[in-house]
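Structural description and commentary
Residues per chain are reported as follows:
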Amino acid sequence: MNNIFSGLHLGLRALETQRKSLDVTGHNIANANNEDYNKQRAVQKASYPYTAPGLSNHGGAGQFGTGVEIERVERVKDQFINSQIFNETQTAGYWNEKQRGLEKIEYIFNEPSDSGIDTAMDQFWNSLQDLSNNPSDDAARNMVRENARNLVDSFQSVESQLVDYKESIDQNLNNAAASINEITTKIADLNKQIVSVKGSGQSPNDLLDERDALYKDLNSMLDVQSREDDQGNLIISADGKQIVNGSDAYELEIIEDPDNADKKILGHKKTGSPINVKNGKIKAWMEVRDTIITDKLDKLNKLAEDMVTDFNEQHRAGYDAEGKQGKDFFAEITNSDKAVSQLALTDEIDNPDGGLAKIAAGNTVSDLSVVGIEKLDSSDADGKFEIDIATNGDDYDVTVTNLDTGEVSSTKTVTEADDLKIGFNAETNSFETDLTAGDFIITANSKGTATVDLGYSIGNGENANALSDIFNQDGNNVKSDFRKIITSVGAESSRAQKMVNNQEVVLKQLNTLDRSISGVSLDEEMANLIKYQQSYAAAAKYINKTEELLDSLMTIV
């Protein structure tokens, strides 16, 4: 029955509703600087009126209102924007970690610098140039050997750091798996609390904010998918395998790749199956480890092998300080995949006693483009010869003139089938079909004329100059190949940095849009404070007036 006492109840409801609205506003203000907080709003509605017309009461002037109440405290959130933020967080995590990985690789190569491989090549090239100008100087020879050792150390230092970095990424994956398991355990626990709160008819807004923040962190690690069931549980899966289902969390672990036992990947602990990660930090780490570092190591090994092959081939073409045919300068590479780790000088060159004399700085041939000469170890021949190479179809006609005696040999045709090689006997001034006979082996490279000196060729330094061409500043050589590796790292790093910047812009725009909807505006909350405070004061005044009416009534009675 609606009577004067109903006014007290109506006023009380108004006081409680405005007080609760003030509490919500205060909660918003308290969390104004909380990035993970989404503002809340007290939704007010008219309480159930008194009363519906019926047999026991007349309709009268109509229903009388009974005041106001809080229908719900809702969380202001745009789920579409939220899902976009989660997706872009995956991509941002990927590019951030990939850029960091490439930056680390750039730091390992340390180019340009005074201590990198490029500088070591320059120093080796300079020492070979000095040796070509003064091949009899032991100091110049010593600098060649020392700079060769420094070059080997530079290669192996870079390789060692790349291998160490590659192994450290496996530790990152272990830590990431532990972090993911910690996050999913917390989300599963929050699921349990959220379902319980929703079951009691309340809104677990703060718990939902906490769960969203954890899910965002999870998205930065790897690409995950989620859905919310009717009870409020967040169901999360990775690569189609559930990692959170209600209050249950399923752990991930690091396992061996079924296709490569030497490689560690993310796996589902319960099922034992691998997780194919397509985005996030973990994807970047595995890509840096398995693709980028592996590619740079392969190229570095190929570069080292090519350097050893080319340098040794040219070194063997020269003569050492004792007038003997040059031998290998660098030790033989027996495993192409481990070329850098096998880099070393030969024992003969590295020998502190007599090793300097074994550096083949001189050359027997004045024009290597025309002819190559290999003096046999068994030969004691000496003297100067002029070798004339003339084309004969696809073959070459070779004529040798002994410049000391003026004697001219007959002309001999060498063919592709013979690898364009023919032996020569200096004593008889005649050709030898058996390459192991005679004094030296002639290899026709092109038409033309070249002078050969079978004596001590230490003085001309031509072979040292030819050796330096392998590290020349221009052209297609070891140095230019190394710079291709460096520029490729720089180009990849530059692209990754651009993508990082792009993702920062995208996420900033999305977060700005999200905060404009869900963020706390202190100006708005101050206006709400005034509004609810005035409503509270008016409700209190209404109760006072109702009390005055009651006092008047009691006086009459």
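Predicted model, so just to flag it, every value in this text is computed and none were measured.

Scoring rules and cut-offs
Residues numbered from 1 in each chain as written. Predicted model: local features only at pLDDT ≥ 70, side-chain atom pairs only at ≥ 80, totals over all residues. Heavy atoms only, no water. Helix = DSSP H or I, 4+ residues; strand = E, 2+ residues; numbered from the N terminus. Rg over C-alpha atoms; globule rule 2.2 N^0.38 Å. Buried < 20%, exposed > 50% of the residue type's maximum accessible area, 1.4 Å probe, protein only. Contact = heavy atoms within 4.5 Å. Areas by Shrake-Rupley, 256 points an atom, 1.4 Å probe, with all protein chains shown as cover. Lys, Arg positive; Asp, Glu negative; His and termini not counted. Charge placed at Lys NZ, Arg CZ, Asp CG, Glu CD. Expected span 1.5 Å × (residues − 1). Polar contact = N/O pair within 3.5 Å; in protein donor to acceptor, adjacent residues only side chain to side chain. Pairing = 2+ DSSP bridges. Axes fitted to C-alpha atoms, helices over the stretch in contact; angles between N-to-C directions. UniProt positions renumbered as here; feature names shortened; annotations may be inferred. Domains from an automatic or database assignment. Salt bridge = Lys/Arg side-chain N within 4 Å of Asp/Glu carboxyl O. Core = buried A, V, L, I, M, F, W, Y, C linked by side-chain atoms within 4.5 Å.

A word on the overall build of the protein. From N to C terminus, the protein includes 10 helices and 18 strands. For the protein, the C-alpha radius of gyration of 43 Å lies well beyond 24 Å, the compact-globule estimate for 557 residues. With respect to the principal axes defined by its C-alpha atoms, the protein has extents near 155 × 45 × 45 Å. Looking at the protein residue by residue over its 557 residues, the buried ones come to 44%. For the protein, restricting intrachain contacts to residue pairs at least 6 apart in sequence, the fraction spanning at least 24 positions comes to 66%. For the protein, the accessible area works out to roughly 28100 Å², and carbon and sulfur atoms hold 47% of it. Here the protein contributes 54 positively and 94 negatively charged side chains, and the mean placements of these two sets differ by 13 Å.

With that out of the way, let us pick up helix H2 (residues 79–109). Across its 31 residues, H2 extends 45 Å between first and last C-alpha, which sits within 8% of the 45 Å expected from 1.5 Å per residue. Looking at where H2 begins, the residue whose side-chain oxygen comes 3.0 Å from the main-chain nitrogen of Phe80 is Asp78. Asn110 occupies a position one or two residues after H2 and carries a positive phi of about 55 degrees.

We now examine the sheet that holds strand E14 (residues 412–414). As summarised here, the arrangement of the 4 strands in space is E14-E13-E12-E18, forming an open sheet in which the pairing is antiparallel. The strands lining the two open edges of the sheet, one partner per strand, are E14 and strand E18 (448–453). Each neighbouring strand pair of the sheet contributes to a mean axis angle of 30 degrees, computed without reference to strand direction. As defined by bridge partners, strand E12 (residues 384–392) adjoins strand E13 (residues 395–402) across 8 bridges and the pair is classed as antiparallel. Note that in E13 the partner of Glu386 across the bridge is Thr401.

We now examine the UniProt feature "domain: Flagellar basal-body/hook protein C-terminal" (unreviewed entry) in the protein. The UniProt entry lists residues 517–555 under the feature "domain: Flagellar basal-body/hook protein C-terminal" (unreviewed entry), expressed in the numbering used here. Secondary structure over residues 517–555 splits into 92% helix and 0% strand, and the C-alpha atoms at its two ends are 55 Å apart.

Each assigned domain of the protein is listed with its residue range as follows: domain 1 (4–76 + 520–556) and domain 2 (371–456). Between the C-alpha centres of domain 1 and domain 2 there is a distance of 113 Å.

In the structure shown here, the tally under the stated rule is 34 salt bridges. In this structure, the salt-bridge partner of Asp122 is Lys479, at a minimum N-O distance of 2.5 Å. With a gap of 357 residues between them, Asp122 in helix H3 (residues 117–133) and Lys479 in helix H9 (residues 478–518) connect regions that are remote in the sequence. A relative accessible area of 1% places Lys479 in the buried class. We note a salt bridge from Asp290 to Lys263, for which the minimum N-O separation is 3.9 Å.

All right, on to the environment of Lys186 then. Note that Lys186 resides in helix H4 (residues 138–199). Of the residues examined, Lys186 reaches a relative accessible area of 42% and is grouped as partly exposed. Taking the C-alpha atoms as reference, Lys186 lies 35 Å from Ile293; in sequence the two are 107 residues apart.

Counting residues in each nonpolar core, the largest one holds 86 residues, and the members touching the most others are Phe124, Phe155, Phe329 and Phe471. Ranked by residues supplied to this core, first place goes to H4 with 19 residues. Look past the residues within four positions of Phe155 in its chain and what remains in contact with it is Ile117, Met121, Leu300, Leu303, Ala304, Met307, Val340 and Leu343. Listed in part, the 24 residues of the second largest apolar core include Ile389, Val414, Phe440 and Val452.

Those places that UniProt annotates as "domain: Flagellar hook-associated protein FlgK helical" (unreviewed entry) correspond, in this numbering, to residues 102–330. Secondary structure within residues 102–330 divides into 62% helix and 14% strand; the distance between the first and last C-alpha atoms comes to 31 Å.

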